[in-house]
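Here are the chains, one letter per residue:
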Amino acid sequence: MSLRRSPRHTFVIATILLAACQAEAASVRLIAGLTDPAPGGGIFAGTGFVGNPAAAGNGYVAFRSLIADGSSPEAIVLATMEAGTKTSEVVAFVGQAAGEGLGTFASFVGNPSVNAEGDVAFVATLRNATELPEVPNQPAPAALFVYDKSTKTLTARVRARASSPAGPIAFVESFDGSADVNLDGRSPALNDAGDLAFTAATRVNATTPGGAVFRLPAVGSLQVVAETGNSVGGSTFIGFGPPAINAGGAVAFRGRLTGGGPIDGVFRWKNGALTTIARNGDEVTTAEPEPHDQILLQFGDAVAIRNDDAVVFVAAPLFDFTFVEPNAPPLDPEDGSFGLLFGTGAGPLGTLLYPGQTFETRGRVSDVRLQSEFATEPPGASFASDGDVLGYAALNGGSSEVLARIEGPGQPPTSVIVFGGASPTPSPIGGTYLTAAGTPTIDDADGIALFARLAGGPASDALIYMPAAGAVTFIVAGEATPNPLGGMYAGPPFSNPAANDQGDVVFRAFVAQGPAGLGLYRWRNGATAPLVRVGDPAPVPGNLPFTNIVGEHDLNDAGTVAFSAVVGGLGRGVYTAGPNGMARVAVVGDAGPAGLGTNVTFVAIVGNPAISNDGAVAFRGRVQFTDSGGATRRRDGIFVRSGSQVRALAITTDPSPEVLPFFRFRDLSLRQGVRVAFTATLGEDEAEQEGLFVADLTSMGTVAIVGQALEGSLRALSGRPSIDRDGAVTMLGRIGTPGNERAALLRGNTAFFEPVVRVGDELPSGGVVRSLGRPAVSPAGRAAVRTTFEPNSGGVGGFYLTSAAGVVPFVSIGDAAPLEYPNGDPLGGRFSSFNQRAALSTNNTLAFIASLAGSAIENGLFVASPSSFSVKRARVKLGTSTKADTLTLQAELDPGGLASSFDPTQARLALTVRDSGSAVWSQNLASGDLVKKGKKYVFRAPPDVRLIAVSVNRKTGRIKLKVRAQPDFSG
């Protein structure tokens, strides 16, 4: 039985969760919400723009956007953008009627596409569709829609479960039954003739996997371009990326395969014939810094096809041989970068953008992947009407990026927009361009559309349209949306909360309508203030401004924050901000640690630094030096700065505690002094083992080795480790046997290593665990982990705390949010989802990000303190034919540090009795339902509640609860 719920009072922001038979619950307080005023100016509002925009015709741009404070949380919009002018219309929005028998739009899938007529194609899931009812193990209700601009009508062109030559269509399911589905891969393509191309799974039920790329002519029946099981060169297809289609109806796509031949490639289908454009094992010749033949092993999903059937795509690994050491061992593919390539299916592959290539006078290309966290996949490219290619390149290790135009293979690229660096392109909104956030697209009139992040201006991001001539047109985050949506283009603004034992919470937030679009903010004693913002001067020569704040930050008990940021012209560095002001830890170009050789210099800094209470900062980076033989070397490592001295804790090629040397370092954490936990791969010429290690300046030890720990059942380590003040490390991993693995929360040190909770476990509070998020670990070693449960198993998803009694609920989906803002404005609602990134202090105060339903805000940053709940007496007595079932309960609640002056007349409670499967009785109390009677506050409601009484001890703040009810337990 679990009794859950939440009184809440008017004087502080607190939700009190009651849970019978559980020791933990929480009082919750709001720190900041979406669209709240940001200290220093503007409002907290993140990017509303989702995925990639699409452009066609003369200024037609279609895009997805999140909506804040509107009538719908998300919409697809068609903007008509010309030089200096724009109009917008809503194509579809969540909650809108989708058509007769199709219910309403529940969510959108992938990116929309648009053609020269202004027609828009998109995939959406459906709710309450009578023609596609929810059926267990059947494809989810969804359809591919086309919006006709001329008539303003929507038509479902292909519905989920529709028959096809490859099997029933499934838009949001996986090809192979896995839970990992890249829904961006389900983006449809639409040409000017109205022909469609799309990728979908094909399955009768959950046990019949498969998938295909389809083509649907404007007039005609559905065609299969390629399906799982089709053979190419001795291998068979197992998955596909999103297709591209040209004016003649030819389709290009990336395919993944298994077998004895190619296992990855880019393909073209035309008139029923399949042509291989590129495959793993193909060679491409890069010309700079000198000619090298490089072998391709991997491709990105993004492809584009020109009207003459030529295809551009991204592939890896490609290397900049400027930095390859003489007589170096074989290059590790994981060290390679992506390049933008060109193929026709006949003759050698051509290069467009690749590592080592000279780019005007700006330096060298490092990669075609963007540095923005909103663009983790290589973004691909687009063809202009004259055949030129538009694509992105990162320069000089990512210190800047460019939107480039290339006439063809072997031709020098030219810059269209420069993002970041020492001389970024001015933004038409104010400030400068910071980074791009998706694939660029170009319409038939040579107008370029892209999502871009901005620095030093009034908005953090915008949709930019650059016509071939005339003024740039834009839509910015925070701008009002067209009718009937209301609200503004904006999404969740908060990320990466960090907390210390003094009660501080530091978080990163995006801001619209203010002087800076991004910053780190600190919440202390109920007040929020900016710590550092984009545009602030950095502690570097010349006081150059910060142009971006990236990755995760860390916070110690002195209130000092270690963070990673980009400075124009210098690239990424690690800095601290605290009571003594701002300081530089390490920046590209700074001197590296002694003992490696001469001329030791940092040439790359990796984000996610960690800081200890004594101010030591640990970070990952790459150094370049001259060895004793006079050769220039580069090594990756984990470094610690304490005071003015930088030391190397571990360097690649150095001996590890195991037989093999360190090959590559991954994530790290730091707690006391310079005791660092980190994950790394080991090997001579390639990664052969993966392990978890702890080290300080004098010693190093192994916590676990994949394949050896847990009696050989440790299959993988996942995410960032966290080390507590006693040296124990907690992190996610996978355990089991090949083909039978499951995620687990793991904890250990050099003396022990064990699972704390695993997917598939049944928790004491009920429910079978379905998934585990990254843990937030306190200095004392307790962990809070976002947990979900198998349907109908009795568990309620949310944050769970590790304890001596096991893993217990702390803050759950459905819990009541704070009733009001600190200023008294109404808030209310209930938690609907949680971001897995959270922070936990020694007193188990949890800082977390959550979305809400039925609230004045849709997303917010909260802090929760523990509430203890003890059941003094609980009794269920089953009745007879003449007597009712009865429930008697006596319990006591300590509401926690965030609750004070509790007023039962303003309390909200939801009392629930559960068995292992579902709730069997519940009673809700609204604000005002408890009425004072003597020293108690009571509630009576016929027919099944005889008494609910609450009393408050004004000295201790403890709350006593008595319940006498007559539920129906016959089920």
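Everything quoted here is computed from the prediction, not taken from an experiment. (Residues numbered from 1 in each chain as written. Predicted model: local features only at pLDDT ≥ 70, side-chain atom pairs only at ≥ 80, totals over all residues. Heavy atoms only, no water.)

Engineer: How should the overall build of the protein chain be read in this particular structure?
Structural biologist: Assigned secondary structure in the protein chain consists of zero helices and 76 strands. For the protein chain, the C-alpha radius of gyration of 29 Å lies close to 30 Å, the compact-globule estimate for 971 residues. Dimensions of the protein chain, computed from the C-alpha atoms along their principal axes, are close to 90 × 70 × 55 Å. For the protein chain, the residues scored as buried account for 57% of the 971 residues in total. Long-range contacts, defined as pairs at least 24 residues apart, comprise 50% of the intrachain contacts of the protein chain with a sequence gap of at least 6. (Helix = DSSP H or I, 4+ residues; strand = E, 2+ residues; numbered from the N terminus. Rg over C-alpha atoms; globule rule 2.2 N^0.38 Å. Buried < 20%, exposed > 50% of the residue type's maximum accessible area, 1.4 Å probe, protein only. Contact = heavy atoms within 4.5 Å.)

Engineer: Honestly, the pairing of strand 59 (residues 729-737) in this entry has me stumped. Any pointers?
Structural biologist: Each regular strand carries side chains that alternate between the two faces of the sheet. Judged by how many residues are buried, strand 59 sits mostly within the fold: seven of nine residues are covered. One ladder, built from six bridges, connects strand 58 (residues 714-723) with strand 59; its direction is antiparallel. By the bridge assignment, Ala716 is partnered in strand 59 with Arg734. As consecutive antiparallel partners, strand 58 and strand 59 are separated by five residues, and within that stretch Gly727 has a phi angle of approximately 90°, a positive value. Relative to strand 60 (residues 740-748), strand 59 is paired through nine bridges, and the arrangement is antiparallel. Paired with Leu732 across the bridge in strand 60 is Leu745. In sequence, strand 59 turns back onto strand 60 through a hairpin of two residues, with Gly739 there showing a positive phi of about 85°. (Pairing = 2+ DSSP bridges.)

Engineer: So what exactly am I meant to see when it comes to the sheet that holds strand 52 (residues 632-642) here?
Structural biologist: As a general point, the strands of a sheet are linked pairwise by backbone hydrogen bonds and lie either parallel or antiparallel. In space, the four strands of this open sheet follow the order 50-51-52-53, with antiparallel pairing throughout. One side of each edge strand has no neighbouring strand; the edge strands of this open sheet are strand 50 (598-611) and strand 53 (645-651). On average, each strand axis in the sheet is tilted by 35° relative to the strand beside it, whichever way the strands run. As defined by bridge partners, strand 50 adjoins strand 51 (residues 617-626) across eight bridges and the pair is classed as antiparallel. Counted as the bridge partner of Ile611 is Val617 from strand 51. (Axes fitted to C-alpha atoms, helices over the stretch in contact; angles between N-to-C directions.)

Engineer: Explain a negative patch on the surface to me, please; I cannot follow it from the model alone.
Structural biologist: There is a patch of like negative charges on the surface, built from Glu684, Asp685, Glu686 and Glu688. Mapped onto the secondary structure, Glu686 falls in the loop between strand 55 (676-682) and strand 56 (689-695). (Patch = residues over 30% accessible without salt bridge, like charges linked within 9 Å, V, L, I, M, F, W, Y side chains within 5 Å. Areas by Shrake-Rupley, 256 points an atom, 1.4 Å probe, with all protein chains shown as cover. Salt bridge = Lys/Arg side-chain N within 4 Å of Asp/Glu carboxyl O. Lys, Arg positive; Asp, Glu negative; His and termini not counted. Charge placed at Lys NZ, Arg CZ, Asp CG, Glu CD.)

Engineer: What's the story with the sheet that holds strand 48 (residues 571-578) in this structure? I'm lost.
Structural biologist: Judged by pairing direction, the sheet is antiparallel, and its four strands sit side by side in the order 46-47-48-49 without closing on themselves. Of all the strands in the sheet, just strand 46 (546-555) and strand 49 (581-587) have a single pairing partner and so form its edges. The sheet shows a mean angle of 30° between the axes of neighbouring strands, taken without regard to direction. In this sheet, strand 47 (residues 561-567) lies alongside strand 46 in antiparallel orientation, the contact comprising six bridges. Of the residues in strand 47, the one forming a bridge with Ile549 is Ala565.

Engineer: Would you mind going over the packing of aromatic side chains with me for this structure?
Structural biologist: Two numbers describe a pair of aromatic rings. These are the distance of the centres and the angle of the planes. All chains considered together, the criterion is met by 44 aromatic pairs. Pairing Phe175 with Phe240 gives two aromatic rings, centres 6.1 Å apart and planes at 80°, and the pair type is edge-to-face. In this pair, Phe175 is assigned in the loop between strand 13 (169-170) and strand 14 (189-190) and Phe240 in strand 19 (residues 235-240), connecting sequence segments 65 residues apart. By relative accessible area, Phe175 is classed as buried at 9%. Measuring from centroid to centroid gives 5.1 Å for Phe237 and Phe267, while their planes differ by 80°, and the two rings are edge-to-face. A residue pair is termed long-range when its members are at least 10 positions apart, and Phe237 in strand 19 and Phe267 in strand 22 (residues 264-270) qualify at 30 residues. By the burial criterion, Phe237 is buried, and Phe267 matches it. Among the aromatic residues, ring-to-ring pairing joins Phe175, Phe237, Phe240, Phe253 and Phe267 into one connected group. Just above the ring of Phe175 sits the side chain of Arg186; from NZ or CZ to the centre is 4.9 Å. (Phe/Tyr/Trp six-rings, centres within 6.5 Å; stacked < 30°, edge-to-face > 60°. Lys NZ or Arg CZ within 6 Å of the ring centre and 35° of its normal.)

Engineer: Just checking my understanding: could you explain unusual backbone geometry for this structure?
Structural biologist: In this structure, Pro289 follows Glu288 across a cis peptide bond, with omega equal to 0°. Of the consecutive residues Asn483 and Pro484, the connecting peptide bond is found in the cis state with omega at 10°. Tracing the backbone through its elements, the reader meets Pro484 in the loop between strand 40 (473-476) and strand 41 (488-489). In this structure, Asn271 takes a positive phi of about 50° despite not being glycine. Assignment of secondary structure puts Asn271 in the loop between strand 22 and strand 23 (273-279). Among the residues examined, Asn271 registers a relative accessible area of 71% and is labelled exposed.

Engineer: Which parts of the structure should I look at to understand the environment of Ala315?
Structural biologist: Mapped onto the secondary structure, Ala315 falls in strand 27 (residues 311-318). Its relative accessible area of 0% is what places Ala315 among the buried residues. The sequence separation of Ala315 and Ser337 amounts to 22 residues, and the corresponding C-alpha distance is 8.4 Å. If sequence neighbours within four positions are ignored, Ala315 has contacts with Leu296, Gln298, Phe299, Ser337, Phe338, Gly339 and Leu341.

Engineer: Could you clarify how one ought to interpret the pairing of strand 29 (residues 350-353) in this entry?
Structural biologist: With three bridges joining them, strand 28 (residues 337-343) and strand 29 adopt antiparallel strand pairing. Its bridge partner being in strand 29, Leu341 is matched across the sheet by Thr351. What sits between strand 28 and strand 29 in their antiparallel hairpin is a turn of six residues, with Gly345 showing a positive phi close to 90°.

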